[in-house]
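Report on the structure
Chain by chain, the residues run as shown.
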Amino acid sequence: MNLEDIIQETKTYYCLECGKCSSLCPISRYDPQYSPRVMVENALLGLEDEIVYNKKLFSCLTCYTCQLKCPSDVDYPLFIQKARVLATAAGQHGDYAHSGTLQSIAMLMARSPLKQNRLEWLKKDGYRTSEKSDVMLFIGCSPYFEPVFEDIPMRTLNIAEASLKVLNSLGIEPLVHPDERCCGHDALWMGDVETFKKLAEHNATVIKESGVKKVIFFCPECYRTFKLDYPNYVKLDCEVMHISELLAQRLETEGLRFNEVKRKVTYQDPCRLGRHLGIYDAPRKVLQAIPGIELVEMEHNREESICCGTSCFTNCDSYSKQIRVERLLEAKATGAETLITSCPKCQTHFRCAMVNKGEEKGPDIEIELMDLVNLVATSLGG
Amino acid sequence: MEEVKIGVYVCHCGLNIAGTVDVEEVAKYAATLPSVVVSRDYRYMCSDPGQDLIKNDIKEYVLNRVVVASCSPRMHEPTFRNACQEGGLNPYLYEHANIREHCSWVHDDKKINTEKTKDLVRAAVKRVYHHEPLEVKEAPVNPNVLVVGGGIAGIQAALDIANGEKRVYLVEREPSIGGHMIQLDRTFPTLDCSECILTPKMADVGHHPFIELLAYSEVEEVSGSIGQFKVKVRKKARHIDESKCVGCGICEEKCPWKVPSAFEMGLAMRKAIYIPFAQAIPNLVTVDPDLCVYIQSNGKKCGACIKFCEAKAITPETLLNQTDQIIELEVGSIIVATGYDQFDPSVIPQYGYGKYDNVLTGLQFERMTCAAGPTGGKVLLKDGREPESVAIIHCVGSRDQNYHEYCSRVCCMYGLKYAHLIKEFTKADVYEFYIDMRCFGEGYEEFYKRLSEEGANFIRGKVAKVTDQAVTEEEKGKLIVVAEDTLLGRLIRVPADMVILCAALEARADADKVASLFTLNRRADGFFLERHVKLDPVATPTDGVFIAGCCEGPRDIPDTVAQASAAAAKALSLISKGKITLESAIASVDETRCIGCGRCEEICTFHAPKVISKNGVMVSEVNETLCKGCGACAVVCSTGAMLIRHYKPEQILSQVAALTEVL
Amino acid sequence: MAEFEPQIIAFTCNWCTYAAADLAGTSRIHYPANVRIVRVMCSGMVNPMYVFKAFESGADGVIVAGCNYTDCHYIDGPVKCDAMFARLKKMVHVLGLEEERLRREMISTSEGVIFARVVEEMVEQLKKLGPSPFKIKMETLA
């Protein structure tokens, strides 16, 4: 694939050079050196080097804000994804956050004879899982995030535990697979198709051999990858679903009994769940079904929602931080006590933004953060 | 970017390398690596012709990177960096492969060694590809010096610097300088009186035009770095007008309130207003606000000192309203000479210190034999009698795993001195209980011999206990020292009227605070750690901060003075040069990648990075004079904004990847 | 078939363990040639990424070594290294890497013999364990 093919595939040639993308782009608003419009223009002018050797190629959050508003329906995030494949082939990569640890872990997970110890946390509590279940809960990279984000502190396994608890109370004893691997989301979006393919093939095989009919996700990135990207590379004969969708579905069909939780909350739409997959209502329905919960919306919500500022743990920089600060201030302005999200990565990035260890303090952006499933697990608890 | 052209030089080191490595093959192999334009092997790269090879090649092949594979970089990296520089190349565009210490000398199979050498050379080539030229920066040095601690170490260091006509600020927390040495009576082995040799130096300090004495003061805060420290000193309120006090001492005479004197080791009392000892410098009285009844009653009671002070130095205003002052100083270097504490022997209950009146510590005995001391120089028991028998116990708290493992170095000698003084002043028998006699200094062994001739009894054995439980008639009313005479292999009980404990010298109780104040390192025994135990004994990990005297470990007066002069010389050489060369391989921040989280600020031991607000955005900034390039900040940096020059990820990663490359 | 020769990468601090390896050289203390040393200024400078990179590139074992707590040139580098290493161990544990493949050592300047012994011991252990699981790359089906 070359630049010309990418332009064809993503319909970039329709671009009117109107600049709407740049004016909406959360990065462009802070980083004067980054502009989706200029990137597209350069592509159309055939300036391949300007794209391939441009570090800013890795700044795009692929949040889909631009694509939804583009008058010509240019799929800019997909253009970026493909252009990054070219850049990767030329030996280029973005600036890895957390020293590239997460990229390395994914890369190592793409090697075959691993015997991961990824389920040790399961032994701690009496959650019910079943090896013969026809439903699988996809745990993703949570067991790796724990040590990486120890100091934030971000406990991703809390979300996994809450998800299990929620599934159990819905009468589901899911399969939790000891040999699942990273879904490959970050590798794919960073242009490392080789690693992505290996991971996708491995996961598809594992799922096929386990015989499950449905896979549930609490991470919207894994979900999007399975739902929209896997079909292009592997055969997956099962239904995939985000846990918020499952909960909303149950609310419709048989109803759920929640205990009262008195709390004023606001909700962050994760890009993957919202703009990528159009799921805005399910999490809100669940929130509103919990007695005592008052949901207030931030100024930018649903389609207009602002991304948490970093994707794929790459090119996390002062601009990402400014986006997060802006978003957290927006959340605080609603008067909510808690900012709910349904993406472990959004939560990680927001928590990271609150790290304030220097003597001189920045703006006050402290707010309680919680995943939707943790809230649901608490209110289903009694 | 300029095309990278690398020159590789493989050293034979005679047969040291060539004996077990096929150097020619390695050089041939290196020539095949990407970007290598010239590759040679040579008998001795470190020789002048070897270095000339590099210099000439830089010109001829327009090299912009150089790799030498030879001995340890700890030996010759500076040599070849220098050669590069002379050849017109930035010295940081050089990389060194250690193929001697890490290969030819430690493995014997020539084939394997040659392969390993290739790996090491390949890794160096890949690393040097990513090297960047670094600027060598300089910063000015403030010629003022801060000396902390006014004992003999601090006094000597201050005088040495001030005599070179450089300004010294001498900070002492007690009301007077003098330290432990001014408490001593006579000094071994020459027996000259401690006061007589120290007070002239103290007086010099007092009126030296280049010394600003800040007594009764403590350092509160230190910031900045070598060449430009900023120091905050708290000058404690003496509650008198220092400009008027003439030190006549009438107030002290008239003051009715007393506590045991710390200077006299509790053997005498001092007043609420006092001069700690007659030759105090500065010669000023100090009011103890906790003891002064006038202050405690808020001016309602007493006030005797106010009435009798002819100089009008003491007024209700000074007593009630005077407060501490904070003085800010700017200095280029700091000498820490904070001394030691005497080990408290009451933690060894079997020696009976604190239980029996006539069990004394060494410092108490010093005060007793001092003519100006509480007994007027007489050796007396608590009841006023002269002792008939005195036991001196060595190594109390020293050379003992339960207390301090180290030898306190001075006890053997002052134990001998006590034996001499007791013999001189009384008719008592003297028993020295020792483990080993350590008499290593000038005239020390001779002094030991002299005491043996003077009739002191030496018993080799660590004392088990001191008791008043007599078993024979002869022991009644005495303290009995129980030990084994290990030379005779026999248990002995020695009745004594007085027991002197040669208590260990230990690190100051607040050494941890002082260490963090000045960013010093401490050994397991609590004393401050020198940069190198043999070759850099007064420097510390913090550039520009030096240590001298007993804060670094127990030592006698001659060693302390020598070390103080050494520290002064270090400070003076800094001042004389007037500027410092800053480490180039240090941290730098990519501001666009920084999220201002402050993790770097939190982890840095040297306080180099600091998060500041720049145009409303929080970013970290590195103080280049403070950074030592240890790299801890880069590890905790979540975005990769913090980089260590010359140790950037791509530099290290390319080396790592090349080492494991399967060919 | 030739015996399996494990590859070890050792990250050593300039002031202590690197110097200890130098001393092993000057004292001609022989040890297996399987180790490759990477010099860093301080063990506290070792980034988890460097260790991952070593494994990614095919190392069978990695040593992170530096000064003892009491003789660090930078005062408390080993403490910082310990903190990094604890996190790193958790990560590689989840990945299923055998514990013996990753060692944290404190070897001071004078301990050339100990450096040689550590390398010897690790080579023995790795020979028993066989090649690192990360060495084998997954085949892509498509």
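Check the entry above for the structure.
Residues numbered from 1 in each chain as written. Chains lettered and ligands numbered in written order. Predicted model: local features only at pLDDT ≥ 70, side-chain atom pairs only at ≥ 80, totals over all residues. Heavy atoms only, no water.

Here's the deal with the environment of Lys82 of chain A
All names here are of chain A. The following threshold applies: Counting from the N terminus, the helices are the DSSP runs of H or I reaching at least four residues and the strands are the DSSP runs of E reaching at least two. Burial status follows relative accessibility: with a 1.4 Å probe on protein chains alone, a residue under 20% of its type maximum counts as buried, one over 50% as exposed, and anything between as partly exposed. By the convention used here, residues are in contact when the closest approach between their heavy atoms is within 4.5 Å.
Within the fold, Lys82 resides in helix H6 (residues 76-89). A relative accessible area of 14% places Lys82 in the buried class. Residues Lys82 and Pro147 lie 65 residues apart in sequence; the distance between their C-alpha atoms is 32 Å. Once residues within four sequence positions are removed from consideration, Lys82 is found in contact with Met1, Ile6 and Glu9.

Quick notes on the sheet that holds strand S11 (residues 217-225) of chain B
Residue and element names in this part refer to chain B. Applicable threshold: DSSP calls a pair of strands paired once it identifies at least 2 bridges connecting them. Angular values range over 0 to 180 degrees, each being the angle between N-to-C directions of two axes fitted as lines to C-alpha atoms, with helices fitted over their stretch in contact.
Spatial strand order, S11-S12-S17: 3 strands in an open sheet with antiparallel pairing. With partners counted over all chains shown, the strands left at the sheet margins are S11 and strand S17 (325-331), one partner each. Averaged over all neighbouring strand pairs, the angle between strand axes comes to 20 degrees, with direction disregarded. Two elements, strand S12 (residues 228-235) and S17, share 7 bridges in a ladder whose sense is antiparallel. Paired with Lys230 across the bridge in S17 is Glu330.

Structural notes on the packing of aromatic side chains
Inclusion rule: Stacked, tilted and edge-to-face are the three classes assigned to paired rings of Phe, Tyr and Trp, where Trp is represented by its six-membered ring and a pair needs centres within 6.5 Å; plane angles under 30 degrees give stacked, over 60 edge-to-face, the rest tilted.
Tallied over the entire structure, the rule returns 26 aromatic pairs over all chains. Ring centres of Phe138 of chain A and Phe226 of chain A lie 4.9 Å apart, and the angle between their planes is 65 degrees; this geometry places the pair in the edge-to-face category. Highlighted residues: Phe138 of chain A in strand S1 (residues 135-138) and Phe226 of chain A in helix H12 (residues 220-229), separated in sequence by 88 residues. Judged by relative accessible area, Phe138 of chain A falls into the buried class, the value being 2%. Look at Tyr406 of chain B and Phe527 of chain B: their rings are 5.5 Å apart centre to centre, the planes differ by 65 degrees, and that puts the pair in the edge-to-face class. You can see Tyr406 of chain B sitting in the loop between strand S21 (389-396) and helix H14 (411-425) and its partner Phe527 of chain B sitting in the loop between helix H16 (511-518) and strand S29 (545-547), a full 121 residues away along the chain. Ring pairs connect the aromatic residues Phe138, Phe196, Phe217, Tyr223, Phe226, Tyr230 and Tyr233 of chain A, which therefore count as one cluster.

Examining the packing of helix H2 (residues 48-56) of chain C against helix H3 (residues 77-94) of chain C
All names here are of chain C. Where we set the bar: Throughout, the term roughly parallel applies to angles under 35 degrees, roughly antiparallel to angles over 145, roughly perpendicular to angles from 65 to 115, and oblique to all others. Here a crossing is called left-handed whenever its near helix is offset anticlockwise from the far helix by less than a right angle, and right-handed whenever the offset is clockwise.
Two elements in contact, H2 and H3, have axes whose closest approach is 10 Å; the angle formed by their N-to-C orientations is 40 degrees. Compared by their axis directions, H2 and H3 come out oblique. Our pair here, H2 against H3, has a crossing hand that is right-handed. Contact with H2, carried on its side by Pro48, Val51 and Phe52, involves Met84, Arg87, Leu88, Met91 and Val92 of H3 and no other residues of that element.

What about the interface of chain C and chain B?
Stated formally: By definition, the buried area sums, over both parts, the 1.4 Å-probe accessible area that each loses when the two are put together. Salt bridges are counted wherever a side-chain nitrogen of Lys or Arg sits within 4 Å of a carboxyl oxygen of Asp or Glu.
Between chain C and chain B, the contact holds 47 residues from the first and 42 residues from the second. Approximately 3900 Å² of surface area, both sides summed, lies buried where chain C meets chain B, with 61% of it carried by carbon and sulfur atoms. Among the residues of chain C in contact with chain B, Arg36, Arg39 and Ile75 of chain C are the three that bury the most area, contributing 16% of the side total. Counting the contacts that link chain C with chain B gives 3 salt bridges. A salt bridge links Arg74 of chain B to Asp22 of chain C, with the shortest nitrogen-to-oxygen separation between them at 3.9 Å. Listing elements by their share of the side of chain C that touches chain B, those giving two or more residues are strand S1 (8-13), helix H1 (17-26), strand S2 (35-40), H2 and H3 of chain C.

A word on the interface of chain A and chain B
The cut-off we apply is this: In the analysis that follows, any N or O atom pair within 3.5 Å is treated as a polar contact, provided that within protein one partner can donate a hydrogen and the other can accept it, and provided that, for residues neighboring in sequence, both atoms belong to side chains.
Taken together, the 22 residues of chain A in the interface contact 20 residues of chain B. In total, chain A and chain B occlude about 1700 Å² of area from one another, counting both sides; carbon and sulfur atoms represent 48% of this. Applying the counting rule to chain A against chain B returns 4 salt bridges. One salt bridge connects Arg599 of chain B with Asp151 of chain A, and the closest N-O pair in it is separated by 2.9 Å. Summed over the shared surface of chain A and chain B, the result is 7 residue pairs in polar contact (both at pLDDT 80 or more). Among the elements that take part in the side of chain A that touches chain B, helix H16 (residues 318-333) of chain A stands out by supplying 4 residues, more than any other.

Brief notes about the state of the cysteines
The condition is simple: The term disulfide is used for any two cysteine sulfur atoms that are within 2.5 Å.
The tally for this structure, following the rule as stated, stands at 1 disulfide over all chains. Two residues, Cys193 of chain B and Cys196 of chain B, share a disulfide whose sulfurs are 2.3 Å apart. Judged by the sign of its S-S torsion, about 95 degrees, the cystine formed by Cys193 of chain B and Cys196 of chain B is right-handed. We classify Cys193 of chain B as partly exposed; its relative accessible area is 22%. For the unlinked cysteine Cys308 of chain A, the closest cysteine sulfur is that of Cys346 of chain A, found at 4.1 Å.

Section: the packing of helix H7 (residues 152-163) of chain B against helix H8 (residues 194-207) of chain B
Residue and element names in this part refer to chain B. Where H7 contacts H8, the axes come no closer than 10 Å and their chain directions differ by 50 degrees. The angle between H7 and H8 places the two elements in the oblique class. Pair H7 / H8 crosses with left-handed handedness. Side by side, H7 and H8 meet where Ile152, Ile155, Gln156 and Leu159 of the first sit next to Leu198, Lys201, Met202, Asp204 and Val205 of the second.

Quick word on H16 of chain A
Note the threshold: Helices are assigned an expected span. That span is 1.5 Å times one less than the residue count.
Between its first and last C-alpha, H16 of chain A extends 22 Å over 16 residues, near the 22 Å set by a 1.5 Å rise per residue. Within H16 of chain A the residues assigned to the buried category are Ser318, Tyr319, Ser320, Lys321, Ile323, Arg324, Val325, Arg327, Leu328, Glu330 and Ala331 of chain A. Of the surrounding elements, those touching the buried residues of H16 of chain A are strand S4 (263-268), strand S6 (338-341) and helix H17 (344-354) of chain A together with strand S33 (617-622) of chain B. Two or three places before Tyr319 of chain A, at the start of H16 of chain A, stands the capping residue Asp317 of chain A, its side-chain oxygen 3.0 Å from that residue's backbone nitrogen. Where H16 of chain A ends, the next residue or the one after it, Gly335 of chain A, has phi of about 85 degrees, a positive value.

What about the sheet that holds strand S7 (residues 168-171) of chain B?
Residues and elements named next belong to chain B. In spatial order, the strands read S10-S7-S6-S18-S29; together these 5 strands make up an open sheet with parallel pairing. Each edge of the open sheet carries a strand with a single partner, namely strand S10 (211-214) and S29. Pairs of neighbouring strands in the sheet enclose a mean axial angle of 20 degrees, with direction left out of account. Bridge count between strand S18 (residues 333-336) and S29: 3 bridges; the pairing is parallel. Bridging from a neighbouring strand, Val336 pairs with Ile547 of S29.

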